[in-house]
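# Inside the fold
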Amino acid sequence: MAETPSFRLKGSLVTLSILKPLNTDLPAIEAGLEQRVSQAPALFDRAPLLIDLADLPAGTPLDLPELKALVARHGFVPVAVRGGGEAMATQAAALGLGVL
């Protein structure tokens, strides 16, 4: 007799917000986020967020733990990092973020 599966695992396309830092000036990023979120706070409340580092120059130092905390303070739920090289992927994984 076949057992009933306890779950299904499947792929899906979902919409999520993407933050693409253009520099590593975290105070400026925070000020911009604060302004954007204040325009539509309900839209961003608990919204999953992908941090896309592809537009930063290679090897640019970035305080990823602080960036993760910064976006969380503004209601986002950071879920993954894209770009930034292997060192950033390792750091993202250590922070519990997915790596795309």
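Presented here is an overview of the structure given in this document.

Parameters at a glance
Residues numbered from 1 in each chain as written. Predicted model: local features only at pLDDT ≥ 70, side-chain atom pairs only at ≥ 80, totals over all residues. Heavy atoms only, no water. Core = buried A, V, L, I, M, F, W, Y, C linked by side-chain atoms within 4.5 Å. Buried < 20%, exposed > 50% of the residue type's maximum accessible area, 1.4 Å probe, protein only. Helix = DSSP H or I, 4+ residues; strand = E, 2+ residues; numbered from the N terminus. Contact = heavy atoms within 4.5 Å. Salt bridge = Lys/Arg side-chain N within 4 Å of Asp/Glu carboxyl O. Axes fitted to C-alpha atoms, helices over the stretch in contact; angles between N-to-C directions. Parallel < 35°, antiparallel > 145°, perpendicular 65-115°, else oblique. Left-handed = near helix turned anticlockwise from the far one by under 90°.

### So, the nonpolar core
Formed by 21 residues in total, the largest nonpolar core has its most connected members in Leu62, Leu67, Val71, Phe76 and Val81. Among the secondary structure elements, those contributing two or more residues to this core are helix 1 (26-39), strand 2 (48-52), helix 3 (64-73) and helix 4 (85-94). Those residues within four positions of Leu62 in sequence are excluded, and the remaining contacts are Thr24, Leu26, Leu53, Leu56, Leu67, Met88 and Gln91.

### Brief notes about the pattern of salt bridges
If you walk through the whole model with that rule in mind, you get six salt bridges. Asp52 serves as the salt-bridge partner of Lys20, at 3.2 Å between the closest nitrogen and oxygen. Placement of the pair is Lys20 in the loop between strand 1 (17-19) and helix 1 and Asp52 in strand 2, with a sequence separation of 32 residues. Residue classification places Lys20 among the partly exposed positions, given a relative accessible area of 37%. Asp52 gets classed as buried once you look at its relative accessible area, which sits at 3%. Its salt-bridge partner being Arg73, residue Glu66 comes within 3.1 Å of it at the nearest N-O pair.

### Structural notes on the packing of helix 1 against helix 3
Relative to each other, helix 1 and helix 3 sit at 15°, their axes nearing to 10 Å. One finds that helix 1 runs roughly parallel with respect to helix 3. Note that helix 1 runs across helix 3; the crossing there is right-handed. The residues of helix 3 that touch helix 1, namely those facing Leu26, Ile29, Glu30 and Leu33, are Glu66, Leu67, Leu70, Val71 and Arg73.

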